Amino acid sequence: LPFSEVREGIEQNCPNADEWFWKIDEEPVASASIAQVHSAILKDGTKVALKVQRPGISELIETDIGILQSMAERIETVFPETRVYNPVGMVEDFAHQIRKELDFTRDGRNADRMARNFHDVSGIRFPKIYWEYSTPHVMVMDYIEGVRIDDPEAITGLGLDPHEIGVRGFHAYLKMIFEDGFFHGDPHPGNLLVTKEGDIVFLDFGIVGILGPEKRQHFIILHFALVNDDIELMLRSLEG
């Protein structure tokens with residue numbers, strides 16, 4: 001997205017941007033369908049990441065959702081056998097999730113919650129959110145420098161053991177799912193960075209999963225049944 005459009009979005013949502021930022025890099029460090037990320041420096045010298053929602057993206061998404069809803073309804077009408085897959089319900093679920101992603105304050109709250117859950121776990125980090133500079137459409141957070149978690153050569157180049165990093169990341173997800181019941185729902189490699197200090201840093205919290213205690217217990221029993229090759233216990237856990 002041209003920086004002129006990004007700046008327009010910043011000015012619309014952060015009227016005091018000139019008082020907050022000493023510099024904003026015009027070259028994006030990341031770009032996705034909903035937002036673009038630029039590095040910036042606050043007036044106190046702190047380097048941050050500035051996540052800016054694409055102008056007009058909300059209206060575009062609503063148009064696309066309307067098209068998807070129409071298609072799903074037509075599919076179920078013309079091909080009744082597809083109703084078992086619930087196309088209309090799938091579109092409704094997608095619409096609910098994508099609308100939540102448009103609110104960056106939700107993204108920031110999710111990051112804060114995960115940081116609290118892992119406050120006593122070494123080697124796993126979450127970026128700090130600078131709430132005093134953030135809005136529903138612009139989010140300011142720690143700028144994280146690191147390599148992607150799926151790049152073992154780069155990890156080795158930092159003097160780190162890729163296997164140990166992988167195991168630690170796996171254990172982090174076990175904690176999120178089975179202990180906290182609140183987990184990062186978009187774990188593609190671009191959202192997990194490894195720093196030169198060896199920390200794994202999670203990014204982008206627009207999508208999270210929530211599991212209540214009862215459902216977590218069912219999953220634990222299911223895994224226990226799989227490990228012990230207990231077919232009857234597996235069936236009981238799935239029935240629950």
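Calculation notes
Per chain, residue numbering runs from 1 following the sequence as it is written. With pLDDT at 70 or above as the cut-off, local features in this predicted model cover only qualifying residues; side-chain atom pairs require 80 or more to be listed or tallied, and sums for whole chains, interfaces and linings still use all residues. For the side-chain quantities, the full set of heavy atoms in the structure was used; hydrogens and water were omitted. Paired strands are those between which DSSP finds at least two bridges. In this description a helix means any DSSP run of H or I spanning at least four residues, a strand means any run of E spanning at least two, and both kinds are numbered starting from the N terminus. Fitted lines through C-alpha atoms give the axes, limited to the stretch in contact for helices. The angle between two N-to-C directions lies from 0 to 180 degrees. Buried, partly exposed and exposed residues are distinguished by accessible area as a fraction of the type maximum, computed with a 1.4 Å probe on protein chains only: under 20%, between the cut-offs, and over 50%, respectively. Each patch is assembled from residues with relative accessible area greater than 30% and no salt bridge, linking like charges that lie within 9 Å and nonpolar side chains (Val, Leu, Ile, Met, Phe, Trp, Tyr) that lie within 5 Å. Accessible areas in this description were obtained via Shrake-Rupley with a 1.4 Å probe; residue shielding takes into account the shown protein chains only. Salt bridge, as used here: a side-chain nitrogen of Lys or Arg that lies within 4 Å of a carboxyl oxygen of Asp or Glu. Under this rule, positive means Lys or Arg and negative means Asp or Glu; His and the chain ends count for nothing. Charge placement uses NZ in Lys and CZ in Arg. For Asp and Glu, CG and CD serve respectively. For this analysis, a nonpolar core means a set of buried residues of the types Ala, Val, Leu, Ile, Met, Phe, Trp, Tyr and Cys, connected via side-chain atoms within 4.5 Å. Here, two residues are considered to be in contact whenever any of their heavy atoms come within 4.5 Å of each other.

A. Seen up close, the sheet that holds strand β1 (residues 21-31). The strand order β1-β2-β3-β5 describes an open sheet built from four strands, whose pairing is antiparallel. The sheet is open, and its two edges are formed by β1 and β5 (138-142), each paired on a single side. With strand direction ignored, the average angle separating the axes of adjacent strands in the sheet is 30°. The pairing of strand β2 (residues 35-42) with strand β3 (residues 47-53) spans seven bridges and is classified as antiparallel. Residue pairing in the sheet places Ala35 in a bridge with Gln53 of β3.

B. Up close: the pairing of β5. In terms of burial, β5 is largely enclosed, as four of its five residues are buried. Summarising the sheet, β3 and β5 pair through five bridges and their orientation is antiparallel. Considered in β5, the bridge of Leu50 is made with Val140.

C. Summary view of a negative patch on the surface. On the surface, a cluster of negative charge is contributed by Glu5, Glu8, Glu11, Asp18 and Glu19. With three residues, helix α1 (residues 3-13) is the largest single contributor of residues to the negative patch. With respect to the helices and strands, the residue Glu8 is situated in helix α1. Assessed through its relative accessible area of 42%, Glu8 is described here as partly exposed.

D. Representation of the nonpolar core in the model. Counting 31 residues, the largest nonpolar core has Ile34, Ile61, Ile124, Phe126, Met176 and Phe202 as its most contacted members. For this core, the secondary-structure elements that each account for two or more residues are β2, α3 (57-78), α4 (87-101), α5 (104-117), β5, α7 (162-180), β8 (192-194) and β9 (200-202). Looking at this core element by element, the count peaks at four residues for α7. Excluding residues that lie within four positions of it along the chain, Ile61 makes contacts with Ile34, Ile98 and Leu102. Formed by 17 residues, the second largest nonpolar core is a distinct cluster that contains Phe3, Ala40, Tyr133 and Val138.

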